[in-house]
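Next come the chains, spelled out residue by residue.
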Amino acid sequence: MSLNPNNALNFSGGPGALPEVVLNQVQQAIINVPEAGLSILGISHRSDWFENVVRETENNIRTLLGLPSDYHILFLQGGATQQFSMVPMTMLRGKKHPAEYFDTGYWSRKVVTEAMREGPVRVIWSGEEHGYRRLPTDEELDFSPDAPYIHYVSNETVEGLQFNRILGRDDVPRVCDMSSDFLSKPCEADKFSLIYAHAQKNIGPAGVTIVLVRDSVVQNAPDNLPSFLDYRRQVESHSNFNTPPVFAIYVVLLVTRWLLNDVGGLENMAQINQQKAKLLYGLIDGSNEFYRPWGEAAFRSDMNVAFNLPTKELEALFLNEATAAGFSGLGGHRAIGGVRASIYNALTLGAVEKLTGFMEDFRFKHHAKY
Ligand SMILES: *Cc1c(COP(=O)(O)O)cnc(C)c1O
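These numbers were taken from a predicted model, which means no experiment stands behind them.

K.L.:
Would you mind going over the site of the ligand with me for this structure?
P.N.:
Close to the ligand lie 14 residues; Thr81, Thr157, Asp177, His198 and Lys201 are nearest. At a separation of 2.5 Å, an oxygen atom of the ligand approaches a polar side-chain atom of Thr81. One of the side-chain N or O atoms of Trp107 is found 3.4 Å from an oxygen atom in the ligand. In isolation the ligand has 390 Å² of accessible area, and contact with the protein removes 88% of it. Split into classes, the residues belonging to the shell around the ligand amount to 4 nonpolar, 8 polar and 2 charged.

Encoded structure:
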(Lines give C-alpha, C1' and ligand atoms only; values in the text may rest on other atoms or scores of the structure.)
Protein backbone atom coordinates (compact mmCIF):
# COMPACT_ATOMS: atom_id res chain seq x y z
CA MET A 1 0.00 0.00 0.00
CA SER A 2 1.29 3.44 -0.89
CA LEU A 3 1.02 5.95 1.94
CA ASN A 4 1.57 8.92 -0.32
CA PRO A 5 2.32 8.47 -4.02
CA ASN A 6 3.97 11.91 -4.24
CA ASN A 7 6.92 10.64 -2.20
CA ALA A 8 7.92 8.39 -5.07
CA LEU A 9 8.42 11.42 -7.35
CA ASN A 10 10.34 13.56 -4.86
CA PHE A 11 13.58 14.55 -6.57
CA SER A 12 14.59 16.90 -3.75
CA GLY A 13 18.27 17.71 -3.28
CA GLY A 14 17.92 17.27 0.49
CA PRO A 15 16.41 16.26 2.73
CA GLY A 16 15.89 13.56 0.17
CA ALA A 17 13.23 10.92 -0.34
CA LEU A 18 13.40 7.72 1.72
CA PRO A 19 12.34 4.21 0.67
CA GLU A 20 8.64 3.56 1.09
CA VAL A 21 9.20 0.41 3.17
CA VAL A 22 11.23 2.50 5.59
CA LEU A 23 8.52 5.18 5.81
CA ASN A 24 5.97 2.51 6.63
CA GLN A 25 8.15 1.19 9.46
CA VAL A 26 8.77 4.72 10.73
CA GLN A 27 5.04 5.44 10.76
CA GLN A 28 4.52 2.38 12.92
CA ALA A 29 7.46 3.26 15.18
CA ILE A 30 6.06 6.72 15.97
CA ILE A 31 3.30 4.88 17.84
CA ASN A 32 5.07 1.73 18.87
CA VAL A 33 8.48 0.19 18.30
CA PRO A 34 7.61 -3.51 18.53
CA GLU A 35 10.74 -4.61 20.44
CA ALA A 36 10.44 -1.72 22.92
CA GLY A 37 6.67 -1.33 23.32
CA LEU A 38 7.03 2.46 23.20
CA SER A 39 6.95 5.32 20.70
CA ILE A 40 10.35 5.96 19.13
CA LEU A 41 9.96 9.59 20.18
CA GLY A 42 9.91 8.66 23.87
CA ILE A 43 12.59 6.02 24.30
CA SER A 44 15.55 6.79 26.51
CA HIS A 45 18.93 7.11 24.87
CA ARG A 46 20.31 5.23 27.87
CA SER A 47 18.09 2.19 27.28
CA ASP A 48 19.44 -1.21 26.28
CA TRP A 49 17.21 -1.00 23.25
CA PHE A 50 18.92 2.15 21.98
CA GLU A 51 22.36 0.72 22.69
CA ASN A 52 21.40 -2.15 20.41
CA VAL A 53 20.18 0.28 17.74
CA VAL A 54 23.57 2.02 17.73
CA ARG A 55 25.40 -1.30 17.68
CA GLU A 56 23.36 -2.75 14.82
CA THR A 57 23.58 0.45 12.75
CA GLU A 58 27.35 0.47 13.19
CA ASN A 59 27.60 -3.19 12.26
CA ASN A 60 25.45 -2.69 9.18
CA ILE A 61 27.61 0.20 7.97
CA ARG A 62 30.73 -1.87 8.67
CA THR A 63 29.30 -4.75 6.65
CA LEU A 64 28.11 -2.58 3.77
CA LEU A 65 31.51 -0.89 3.43
CA GLY A 66 33.78 -3.72 4.56
CA LEU A 67 35.20 -1.32 7.13
CA PRO A 68 38.24 -2.54 9.11
CA SER A 69 38.12 -2.71 12.91
CA ASP A 70 40.52 0.20 13.49
CA TYR A 71 37.80 2.63 12.40
CA HIS A 72 35.28 4.14 14.78
CA ILE A 73 31.77 4.90 13.59
CA LEU A 74 30.18 7.93 15.22
CA PHE A 75 26.68 9.36 15.05
CA LEU A 76 27.02 13.08 15.68
CA GLN A 77 24.92 16.24 15.49
CA GLY A 78 25.67 19.57 13.87
CA GLY A 79 25.36 18.33 10.30
CA ALA A 80 28.16 18.12 7.78
CA THR A 81 28.80 21.79 8.55
CA GLN A 82 30.06 20.97 12.04
CA GLN A 83 32.56 18.56 10.47
CA PHE A 84 33.90 21.44 8.33
CA SER A 85 35.29 22.75 11.66
CA MET A 86 35.79 19.56 13.70
CA VAL A 87 38.15 18.10 11.11
CA PRO A 88 40.63 21.01 11.09
CA MET A 89 40.29 21.48 14.88
CA THR A 90 41.46 17.90 15.23
CA MET A 91 43.94 17.58 12.40
CA LEU A 92 45.19 21.09 11.55
CA ARG A 93 45.58 23.15 14.73
CA GLY A 94 49.18 24.10 15.34
CA LYS A 95 50.41 22.54 12.10
CA LYS A 96 53.09 24.23 10.02
CA HIS A 97 52.36 22.73 6.62
CA PRO A 98 49.04 23.53 4.96
CA ALA A 99 46.27 21.01 4.61
CA GLU A 100 45.27 20.63 0.96
CA TYR A 101 41.70 21.44 0.05
CA PHE A 102 39.77 21.62 -3.22
CA ASP A 103 37.48 24.31 -4.57
CA THR A 104 35.22 22.21 -6.75
CA GLY A 105 31.85 23.81 -6.04
CA TYR A 106 29.38 25.26 -3.58
CA TRP A 107 30.05 22.90 -0.70
CA SER A 108 33.82 22.71 -0.94
CA ARG A 109 34.00 26.52 -0.86
CA LYS A 110 32.21 26.48 2.49
CA VAL A 111 34.58 23.83 3.82
CA VAL A 112 37.64 25.90 2.90
CA THR A 113 36.29 29.01 4.67
CA GLU A 114 35.91 27.10 7.93
CA ALA A 115 39.25 25.27 7.68
CA MET A 116 41.14 28.55 7.25
CA ARG A 117 40.04 29.59 10.74
CA GLU A 118 41.95 26.67 12.24
CA GLY A 119 45.26 26.59 10.41
CA PRO A 120 47.11 26.87 7.12
CA VAL A 121 45.21 25.76 4.03
CA ARG A 122 46.29 25.47 0.43
CA VAL A 123 43.63 25.25 -2.26
CA ILE A 124 45.20 22.72 -4.58
CA TRP A 125 42.74 23.16 -7.45
CA SER A 126 39.87 25.52 -8.18
CA GLY A 127 37.00 25.05 -10.60
CA GLU A 128 36.27 28.77 -10.64
CA GLU A 129 37.83 29.47 -14.03
CA HIS A 130 35.84 26.56 -15.44
CA GLY A 131 32.59 27.92 -14.03
CA TYR A 132 32.43 24.88 -11.71
CA ARG A 133 31.42 22.69 -14.61
CA ARG A 134 34.19 20.17 -14.21
CA LEU A 135 36.54 18.50 -11.75
CA PRO A 136 40.33 18.15 -12.00
CA THR A 137 42.09 15.34 -13.82
CA ASP A 138 45.09 13.67 -12.16
CA GLU A 139 47.48 15.60 -14.42
CA GLU A 140 46.26 18.87 -12.91
CA LEU A 141 47.01 17.83 -9.34
CA ASP A 142 50.28 17.97 -7.46
CA PHE A 143 49.94 16.75 -3.88
CA SER A 144 52.55 17.58 -1.25
CA PRO A 145 53.92 14.76 0.92
CA ASP A 146 54.05 17.25 3.85
CA ALA A 147 50.36 18.10 4.04
CA PRO A 148 48.76 17.06 7.35
CA TYR A 149 45.84 15.79 5.23
CA ILE A 150 43.88 16.43 2.06
CA HIS A 151 40.16 17.16 2.03
CA TYR A 152 37.67 16.91 -0.80
CA VAL A 153 33.95 16.61 -1.46
CA SER A 154 33.23 13.38 -3.33
CA ASN A 155 29.98 14.64 -4.84
CA GLU A 156 29.24 18.33 -5.34
CA THR A 157 25.52 18.24 -4.67
CA VAL A 158 24.66 21.65 -6.12
CA GLU A 159 26.54 21.46 -9.43
CA GLY A 160 26.11 17.70 -9.82
CA LEU A 161 29.82 16.83 -10.16
CA GLN A 162 31.20 13.59 -8.76
CA PHE A 163 34.66 12.10 -8.45
CA ASN A 164 34.74 8.54 -9.70
CA ARG A 165 38.22 7.93 -8.31
CA ILE A 166 40.07 8.37 -5.03
CA LEU A 167 42.33 11.43 -4.84
CA GLY A 168 45.61 12.01 -3.06
CA ARG A 169 48.57 9.93 -2.06
CA ASP A 170 48.68 6.96 0.27
CA ASP A 171 51.20 8.56 2.67
CA VAL A 172 48.96 11.59 3.39
CA PRO A 173 45.66 11.14 5.29
CA ARG A 174 42.54 11.59 3.18
CA VAL A 175 39.41 13.25 4.52
CA CYS A 176 36.22 13.28 2.50
CA ASP A 177 32.79 14.87 2.74
CA MET A 178 30.58 12.15 1.28
CA SER A 179 27.31 13.72 2.39
CA SER A 180 25.53 13.31 -0.91
CA ASP A 181 26.84 9.96 -2.14
CA PHE A 182 27.50 7.97 1.05
CA LEU A 183 26.28 4.35 0.74
CA SER A 184 25.21 4.95 -2.87
CA LYS A 185 28.00 2.66 -4.12
CA PRO A 186 30.94 0.69 -2.71
CA CYS A 187 33.82 2.87 -1.54
CA GLU A 188 37.28 1.86 -0.42
CA ALA A 189 36.72 3.39 2.99
CA ASP A 190 40.03 2.08 4.31
CA LYS A 191 41.85 4.51 1.99
CA PHE A 192 40.49 7.40 4.05
CA SER A 193 41.44 8.57 7.52
CA LEU A 194 38.10 10.22 8.03
CA ILE A 195 34.82 10.18 6.11
CA TYR A 196 31.77 12.18 7.10
CA ALA A 197 28.27 12.26 5.71
CA HIS A 198 25.11 13.67 7.15
CA ALA A 199 22.09 11.44 6.75
CA GLN A 200 19.62 13.70 5.01
CA LYS A 201 20.60 13.26 1.36
CA ASN A 202 20.75 9.53 0.97
CA ILE A 203 20.32 7.55 4.17
CA GLY A 204 17.96 9.16 6.65
CA PRO A 205 16.40 12.33 8.03
CA ALA A 206 18.28 15.47 9.07
CA GLY A 207 19.74 15.43 12.57
CA VAL A 208 22.53 12.86 12.44
CA THR A 209 25.92 12.88 10.76
CA ILE A 210 27.93 9.71 10.35
CA VAL A 211 31.68 9.93 10.87
CA LEU A 212 34.04 7.07 10.11
CA VAL A 213 37.37 7.84 11.69
CA ARG A 214 40.57 5.88 11.98
CA ASP A 215 41.73 5.29 15.52
CA SER A 216 45.10 7.01 14.94
CA VAL A 217 43.32 10.29 14.12
CA VAL A 218 41.37 10.10 17.34
CA GLN A 219 44.48 9.30 19.38
CA ASN A 220 46.35 12.29 17.95
CA ALA A 221 43.62 14.85 18.60
CA PRO A 222 44.65 17.92 20.62
CA ASP A 223 43.81 17.85 24.32
CA ASN A 224 42.03 21.14 24.75
CA LEU A 225 38.98 20.76 22.52
CA PRO A 226 35.46 21.28 23.84
CA SER A 227 34.25 17.80 24.80
CA PHE A 228 31.35 17.86 22.38
CA LEU A 229 33.71 18.66 19.49
CA ASP A 230 36.33 16.10 20.51
CA TYR A 231 36.15 12.84 18.57
CA ARG A 232 37.90 11.13 21.48
CA ARG A 233 35.07 11.96 23.90
CA GLN A 234 32.49 10.91 21.34
CA VAL A 235 34.26 7.59 20.79
CA GLU A 236 34.55 6.93 24.53
CA SER A 237 30.86 7.54 25.05
CA HIS A 238 29.83 5.52 22.02
CA SER A 239 27.88 8.33 20.30
CA ASN A 240 26.02 8.88 23.59
CA PHE A 241 27.97 11.82 25.01
CA ASN A 242 24.83 13.91 25.39
CA THR A 243 21.31 13.12 24.19
CA PRO A 244 21.80 11.87 20.64
CA PRO A 245 19.15 12.15 17.89
CA VAL A 246 17.51 8.82 18.74
CA PHE A 247 14.84 9.10 16.05
CA ALA A 248 17.24 10.00 13.23
CA ILE A 249 19.65 7.21 14.16
CA TYR A 250 16.78 4.71 14.21
CA VAL A 251 15.74 5.73 10.69
CA VAL A 252 19.34 5.29 9.52
CA LEU A 253 19.21 1.80 11.01
CA LEU A 254 16.10 1.01 8.97
CA VAL A 255 17.76 2.36 5.80
CA THR A 256 20.87 0.22 6.37
CA ARG A 257 18.64 -2.84 6.86
CA TRP A 258 16.92 -1.96 3.59
CA LEU A 259 20.29 -1.64 1.83
CA LEU A 260 21.46 -5.01 3.16
CA ASN A 261 18.29 -7.07 2.93
CA ASP A 262 16.11 -5.54 0.20
CA VAL A 263 18.72 -4.04 -2.13
CA GLY A 264 21.36 -6.68 -1.43
CA GLY A 265 24.38 -4.47 -0.77
CA LEU A 266 26.21 -1.54 -2.29
CA GLU A 267 27.22 -3.26 -5.56
CA ASN A 268 23.54 -3.69 -6.33
CA MET A 269 22.75 -0.16 -5.17
CA ALA A 270 25.45 1.24 -7.46
CA GLN A 271 24.12 -0.71 -10.40
CA ILE A 272 20.63 0.66 -9.90
CA ASN A 273 21.94 4.20 -9.38
CA GLN A 274 24.02 4.01 -12.56
CA GLN A 275 21.06 2.78 -14.54
CA LYS A 276 18.97 5.71 -13.33
CA ALA A 277 21.68 8.26 -14.14
CA LYS A 278 22.33 6.75 -17.55
CA LEU A 279 18.69 6.98 -18.47
CA LEU A 280 18.43 10.62 -17.46
CA TYR A 281 21.71 11.76 -19.03
CA GLY A 282 20.86 9.77 -22.15
CA LEU A 283 17.65 11.73 -22.56
CA ILE A 284 19.43 15.04 -21.88
CA ASP A 285 22.26 14.30 -24.32
CA GLY A 286 19.81 13.21 -26.99
CA SER A 287 17.61 16.29 -26.67
CA ASN A 288 19.31 18.35 -29.36
CA GLU A 289 20.44 20.82 -26.71
CA PHE A 290 16.95 21.51 -25.45
CA TYR A 291 18.19 20.18 -22.11
CA ARG A 292 21.73 21.41 -21.36
CA PRO A 293 23.72 19.50 -18.73
CA TRP A 294 25.54 21.67 -16.20
CA GLY A 295 28.66 19.51 -15.88
CA GLU A 296 31.08 18.15 -18.46
CA ALA A 297 30.28 14.54 -19.28
CA ALA A 298 33.29 12.92 -17.59
CA PHE A 299 32.49 14.45 -14.18
CA ARG A 300 28.72 14.25 -13.99
CA SER A 301 27.14 12.92 -10.85
CA ASP A 302 25.05 9.77 -10.55
CA MET A 303 23.23 11.43 -7.65
CA ASN A 304 22.41 14.98 -8.73
CA VAL A 305 21.56 15.67 -12.37
CA ALA A 306 21.78 19.44 -12.93
CA PHE A 307 20.72 20.99 -16.22
CA ASN A 308 19.30 24.07 -17.89
CA LEU A 309 16.68 24.76 -20.54
CA PRO A 310 17.18 27.24 -23.40
CA THR A 311 15.54 30.16 -21.56
CA LYS A 312 14.61 31.17 -18.03
CA GLU A 313 10.96 31.27 -19.14
CA LEU A 314 11.10 27.66 -20.31
CA GLU A 315 12.76 26.65 -17.04
CA ALA A 316 9.94 28.28 -15.06
CA LEU A 317 7.33 26.63 -17.27
CA PHE A 318 9.09 23.27 -16.95
CA LEU A 319 9.08 23.47 -13.15
CA ASN A 320 5.41 24.52 -13.07
CA GLU A 321 4.29 21.72 -15.35
CA ALA A 322 6.43 19.22 -13.46
CA THR A 323 4.77 20.22 -10.19
CA ALA A 324 1.35 19.89 -11.77
CA ALA A 325 2.33 16.39 -12.94
CA GLY A 326 3.19 15.32 -9.36
CA PHE A 327 6.98 15.80 -9.38
CA SER A 328 8.66 17.79 -6.63
CA GLY A 329 12.08 19.06 -5.63
CA LEU A 330 13.25 19.72 -9.20
CA GLY A 331 14.19 23.38 -8.82
CA GLY A 332 17.97 23.91 -9.01
CA HIS A 333 19.85 25.04 -5.90
CA ARG A 334 19.43 28.77 -5.24
CA ALA A 335 23.16 29.26 -5.92
CA ILE A 336 22.98 28.30 -9.61
CA GLY A 337 19.28 28.02 -10.53
CA GLY A 338 18.19 25.81 -13.41
CA VAL A 339 16.83 22.32 -12.80
CA ARG A 340 18.27 19.55 -10.65
CA ALA A 341 16.94 16.03 -10.37
CA SER A 342 18.42 14.35 -7.31
CA ILE A 343 18.20 10.62 -7.79
CA TYR A 344 19.34 9.34 -4.43
CA ASN A 345 19.12 5.67 -3.41
CA ALA A 346 15.40 5.77 -2.63
CA LEU A 347 14.38 7.08 -6.06
CA THR A 348 13.35 4.08 -8.15
CA LEU A 349 14.13 3.41 -11.78
CA GLY A 350 10.38 3.66 -12.36
CA ALA A 351 10.37 7.22 -10.97
CA VAL A 352 13.22 8.21 -13.27
CA GLU A 353 11.37 6.65 -16.23
CA LYS A 354 8.36 8.79 -15.35
CA LEU A 355 10.58 11.87 -15.24
CA THR A 356 12.23 11.14 -18.59
CA GLY A 357 8.78 10.52 -20.08
CA PHE A 358 7.63 13.89 -18.80
CA MET A 359 10.79 15.58 -20.12
CA GLU A 360 10.33 14.07 -23.54
CA ASP A 361 6.73 15.25 -23.74
CA PHE A 362 7.72 18.70 -22.56
CA ARG A 363 10.39 18.99 -25.22
CA PHE A 364 8.03 17.98 -28.02
CA LYS A 365 5.49 20.54 -26.85
CA HIS A 366 7.93 23.41 -26.50
CA HIS A 367 11.02 22.91 -28.65
CA ALA A 368 9.69 25.14 -31.41
CA LYS A 369 9.61 28.12 -29.04
CA TYR A 370 13.27 28.93 -29.00
C1 LIG B 1 24.06 19.31 1.89
C2 LIG B 1 25.53 19.22 2.03
C3 LIG B 1 26.20 19.76 3.13
C4 LIG B 1 25.51 20.54 4.24
O5 LIG B 1 25.22 19.72 5.29
P6 LIG B 1 24.47 20.17 6.62
O7 LIG B 1 24.10 18.88 7.25
O8 LIG B 1 23.29 21.01 6.23
O9 LIG B 1 25.44 20.92 7.45
C10 LIG B 1 27.57 19.57 3.20
N11 LIG B 1 28.25 18.91 2.25
C12 LIG B 1 27.62 18.39 1.17
C13 LIG B 1 28.41 17.67 0.13
C14 LIG B 1 26.25 18.53 1.03
O15 LIG B 1 25.63 18.01 -0.03
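K.L.:
Sorry, what's going on with the sheet that holds strand β3 (residues 121–126) here?
P.N.:
Backbone hydrogen bonds are what pair the strands of a sheet, in a parallel or an antiparallel way. One open sheet holds the 7 strands; their spatial order is β1-β9-β8-β7-β4-β2-β3, and the pairing between them is mixed. Single-partner strands in this sheet number two, and they are β1 (71–76) and β3. Averaged over all pairs of adjacent strands, the angle between their axes in this sheet comes to 20 degrees, without regard to strand direction. Note that strand β2 (residues 99–103) and β3 share 5 bridges and pair parallel. The residue bridging Asp103 from the neighbouring strand is Ser126, located in β3. Along the sheet, helix α4 (residues 106–115) contacts β2, β3, β4 (150–153) and β8 (194–198); its crossing angle with β2, the most-contacted strand, is approximately 150 degrees.

K.L.:
What should I look at first to understand the side chain of His333 in this one?
P.N.:
Position of His333 among the secondary structure elements: in the loop between α9 (312–324) and β12 (339–342). Setting aside chain neighbours within four positions, we find His333 in contact with Tyr106, Val158 and Arg340.

K.L.:
How do you make sense of the packing of helix α8 (residues 266–285) against helix α10 (residues 349–366) when you look at a structure like this?
P.N.:
Two numbers describe a pair of packed helices, the interaxial angle and the distance between the axes. Orientation of α8 relative to α10, taken along the N-to-C sense of each, is 5 degrees, at an axis distance of 9 Å. Taken together, α8 and α10 sit at an angle that is classed as roughly parallel. Contacts between α8 and α10 involve Gln275, Lys276, Leu279, Leu280, Leu283 and Ile284 on the former and, on the latter, Leu349, Val352, Glu353, Leu355, Thr356, Met359 and Glu360. Class assignment of the residues belonging to the contact of α8 with α10 gives a composition of 8 nonpolar, 2 polar and 3 charged.

K.L.:
Would you take a moment to explain the pairing of strand β9 (residues 209–214) for this structure?
P.N.:
Each regular strand displays side chains that alternate between the two surfaces of the sheet. Of all 6 residues that make up β9, 5 are buried, and the element is covered over most of its length. Where β1 lies against β9, 6 bridges are found, and the strand directions are antiparallel. Counterpart to Tyr71 in the pairing with β9 is Arg214. Here β8 pairs with β9 via 5 bridges, running antiparallel. Bridge pairing in β9 places His198 opposite Thr209.

Cut-offs used in this document
Residues numbered from 1 in each chain as written. Predicted model: local features only at pLDDT ≥ 70, side-chain atom pairs only at ≥ 80, totals over all residues. Heavy atoms only, no water. Near = heavy atom within 4 Å. Polar contact = N/O pair within 3.5 Å; in protein donor to acceptor, adjacent residues only side chain to side chain. Areas by Shrake-Rupley, 256 points an atom, 1.4 Å probe, with all protein chains shown as cover. Nonpolar A, V, L, I, M, F, W, Y, C, P; charged D, E, K, R; others polar. Pairing = 2+ DSSP bridges. Helix = DSSP H or I, 4+ residues; strand = E, 2+ residues; numbered from the N terminus. Axes fitted to C-alpha atoms, helices over the stretch in contact; angles between N-to-C directions. Contact = heavy atoms within 4.5 Å. Parallel < 35°, antiparallel > 145°, perpendicular 65-115°, else oblique. Buried < 20%, exposed > 50% of the residue type's maximum accessible area, 1.4 Å probe, protein only.

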